[in-house]
Structures are given as structure tokens and as C-alpha cells.
Amino acid sequence: MTDENRTEADHIQEAREALLMAALPEVGFDGWSPQTLQAAIAATETDPGLARLAFPRGAIDMILGFHRMADGWLEADVAERGLDTMRIRERITLCVRRRIELVAQHREAVRRGISYMALPTNAPEGAKALWQTTDLIWRLSGDRSTDYNWYSKRAILSGVYSSTVLYWLGDHDPRADATWEFLDRRIDGVMQFEKTKATLEKNPIARVALWGPKQLLGMLRAPGARRENFSPVKDIR
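To start, this report covers the structure provided alongside it. (Residues numbered from 1 in each chain as written. Predicted model: local features only at pLDDT ≥ 70, side-chain atom pairs only at ≥ 80, totals over all residues. Heavy atoms only, no water.)

In this section: empty space enclosed by the protein. To find leftover empty space, one rolls a probe the size of a water molecule over the atoms. Applying the stated criterion across every chain yields a total of one cavity of 30 Å³ or more. Looking at the largest cavity, the residues that line it are Ile 92, Trp 138, Leu 157, Ile 187, Val 190 and Met 191. Tallying contributions element by element places helix H9 (residues 177-202) first for the lining of the largest cavity, with three residues. (1 Å grid on protein atoms, 1.4 Å probe; cavity = no way out; pocket = protein on both sides within 12 Å on 5 of 7 lines; lining within 4 Å. Points joined across faces, edges and corners; volume = space filled by probe spheres on them. Helix = DSSP H or I, 4+ residues; strand = E, 2+ residues; numbered from the N terminus.)

In C-alpha cells, the structure reads:
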């Protein structure tokens, strides 16, 4: 992109990324704080006014910016690998593992960020960021669901991903073998749930029993998904 085509948003995004990369080494000492941001401004010689545009709310915008930047790293990493030959379980496992490995050198920044986002006033935005990451992982893994499965898949993976990150923060082995074994066990639980659900949906009696709950959940649609006409009879066959 030439300078002539660059927008103000492009300048702000470039400043945001540069400031975050300069801030990460400081987070272990001063946390996600004004002092850390000031150090990053000095290191990058960024105009303070531009820094305020990049992080208008200070720490919370820095944390969310780092989180979104790491999601971008994952998307680029997966694009280079290609997942077409892998089973869905392998795709999900790889994406969760790579999302953690890509921030491994910034463990303290992740720890401080989780602690900050766990505060009651910040928890809703933290939950939204977690949801966006799990949505990205499912999309990278080829998920195209738009019905209630869109929500259930992301809700379940949110639990898997968040618990794995917390386990990893307490795993001091550089190889993190225990963390990846923990992840495999959690994925096993998800796969068992999917097998049970598939078995129930093949059972005509269970299909009838589950019809009501499925219709309620079926009212949920992935963002942007078109509401199709549905037939109650078709849904319980």
C-alpha cells in the first residue's frame, strides 16, 4: 500500500502494532499500565496523540490489541500450513496449540492480561475476545455451521481453550508436554460429546424428545446467516 492510499486508520493500526511490540518486554515489570505505554511511546518515538488514538482506554485497549494481534499471527500461521488433509479434531487441536505457542515468549503479558480482564468491569470484553478467538479457530478449521451448532461449538471450545491456557500458565516445562496432554484430554471430551449427540440424533425417540430444545436453539443463527424456512416434521425425521 502506497502512502497515497494509506488512511488514518492504517496509520493508527501501524502505530498500535509498533507500540504493542515495544510494550511487551515491559509488561513483565510494570504490567499493562500507563508506565508501560509511556515506555513504548519513547522506544518507538510515537506521537503521544497518535498513541492515545491507538489505545483510547489505555490498558484494556492494549490487552485487547495484543489479543487480536495474536489472533492475526494464528491466521497467518495456519494459512502457511494448510489443514485440508487433517481431520477436524487434528485441525482444532493444532489451532489451539499454535495459538498458545505463538504467544509463549510473552507468557507474563498473557498472565497479566488475563488477570486484568478477569476484573468484573472488564469481564464482558474478555469473554467477547475469547469468543472471537474460538470463532476464528473454528473458521480456520473449516466450520460452516450457521444454526445452533455455531453457538454450541464455540461455547464448548471456549471452555477448552481457556482452561488449556490457564494450565499452560502453570506449566513451567519449556516443552509444555503436560499442557498438550491436557489439551488432548479436553478434546477427547469434546469428541465424546459429539459422538453422543450424533447417536441421539439417529435415535427416533431421542429426536422427538430433543425437538423442542432444538427449535429454541435453532432460533439462534451465526452473525450474518440467513434465516431459512424450516419444517418441524423435517427436523425430527
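Still more ground to cover, so stick around.
Now for the pattern of salt bridges. Pairing between side chains of opposite charge can happen when their charged atoms approach one another. Overall, the coordinates contain 16 salt bridges when judged by the stated rule. As a salt-bridge pair, Arg 99 and Asp 71 come within 2.8 Å of each other at their nearest N and O atoms. Of this pair, Arg 99 sits in helix H5 (residues 88-101) while Asp 71 sits in helix H4 (residues 59-81), placing them 28 residues apart in sequence. Summarising the burial analysis for this pair, Arg 99 and Asp 71 share the class buried. Of the charged contacts in the structure, one is a salt bridge between Arg 97 and Glu 101, with a shortest N-O distance of 2.8 Å. In this pair, Arg 97 and Glu 101 both sit in helix H5, four residues apart, roughly one turn of the helix. Exposure remark for Arg 97: the relative accessible area of 32% places this residue in the partly exposed category. Put simply, Asp 77, Arg 81, Arg 97, Arg 98 and Glu 101 are held in one network by salt bridges that share partners. (Salt bridge = Lys/Arg side-chain N within 4 Å of Asp/Glu carboxyl O. Buried < 20%, exposed > 50% of the residue type's maximum accessible area, 1.4 Å probe, protein only.)

Turning next to unusual backbone geometry. In this structure, Glu 45 is a non-glycine residue whose phi angle is positive, near 55°. Its location among the elements puts Glu 45 in the loop between helix H2 (34-44) and helix H3 (48-54). The exposure class of Glu 45 is exposed, given its relative accessible area of 74%. Even without being a glycine, Ala 176 presents a positive backbone phi close to 55°. Note on placement: Ala 176 falls in the loop between helix H8 (148-169) and H9. Judged by relative accessible area, Ala 176 falls into the buried class, the value being 4%.

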